[in-house]
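# Architecture and fold: a report
Listed below, chain by chain, are the residues.
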Amino acid sequence: MIVRTLDEIVGTDRDVEAPTFKSRRLVLAQEQVGFSLHDTVLFAGSETNMWYANHIEAVYCIEGTGELVNDETGEKHPVAPGTMYLLDGHEHHTLRALTQLRMVCVFNPALTGREVHDENGVYPLLTEPSSQG
Ligand code: 9YT
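An account of the accompanying structure is given in this report. For clarity, every value in this text was computed on a predicted model and none was experimentally measured.

## Regarding the nonpolar core
- Grouped together as the largest cluster of nonpolar side chains are 18 residues, with contacts concentrated most on Leu-42, Val-79, Tyr-85, Leu-95, Leu-101 and Met-103.
- Sorting elements by how many residues they give to this core places strand 10 (residues 101-108) first, with four residues.
- Those residues in contact with Leu-42, other than ones at most four positions away along the chain, are Thr-20, Phe-21, Thr-48, Leu-95, Ala-97, Thr-99, Gln-100, Leu-101 and Met-103.

And the structure:
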């Protein structure tokens, strides 16, 4: 069993900052459980274009208000505490943070923690070296 708090992660290499958000990675690929779990804060007034070509992501809002745009259909969805979206089709999407947004994110496959968005908002598919060698 692993028990970990957000306070223990802040300021470590599990606390990753990007221009529009910071992501605190509570569970990563190194835990070898098939998913990663992140506490992500999107900065007030920011807009993040994303496309997880290699991953499925579920995102659950626990703080703030925003707007999610499906960039493939133009559909817009309000985001508020209690809103979940699941990117089960690798959709291009944009998240607008009207206030600071705090989101709990689950990725499959798990992120290793080294990923940064490339110019398309994509995370590359990275894997941890297997403990079996
Ligand atoms: C909500 C969202 O997907 N933001 C991008 C950051 C990502 N969730 C991460 O790296 O934790």
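## Section: the sheet that holds strand 6 (residues 66-70)
- Here we have four strands laid out as an open sheet, ordered 4-9-6-7, and antiparallel in their pairing. Each end of this open sheet is capped by a strand with a single partner; those strands are strand 4 (47-51) and strand 7 (76-79). On average, adjacent strands in this sheet sit at an angle of 20° to one another, irrespective of strand direction.
- Pairing geometry for strand 6 and strand 9 (residues 92-97), over five bridges, is antiparallel. Note that in strand 9 the partner of Gly-66 across the bridge is Ala-97.

Rules used in this analysis
- Residues numbered from 1 in each chain as written.
- Predicted model: local features only at pLDDT ≥ 70, side-chain atom pairs only at ≥ 80, totals over all residues.
- Heavy atoms only, no water.
- Core = buried A, V, L, I, M, F, W, Y, C linked by side-chain atoms within 4.5 Å.
- Buried < 20%, exposed > 50% of the residue type's maximum accessible area, 1.4 Å probe, protein only.
- Helix = DSSP H or I, 4+ residues; strand = E, 2+ residues; numbered from the N terminus.
- Contact = heavy atoms within 4.5 Å.
- Pairing = 2+ DSSP bridges.
- Axes fitted to C-alpha atoms, helices over the stretch in contact; angles between N-to-C directions.

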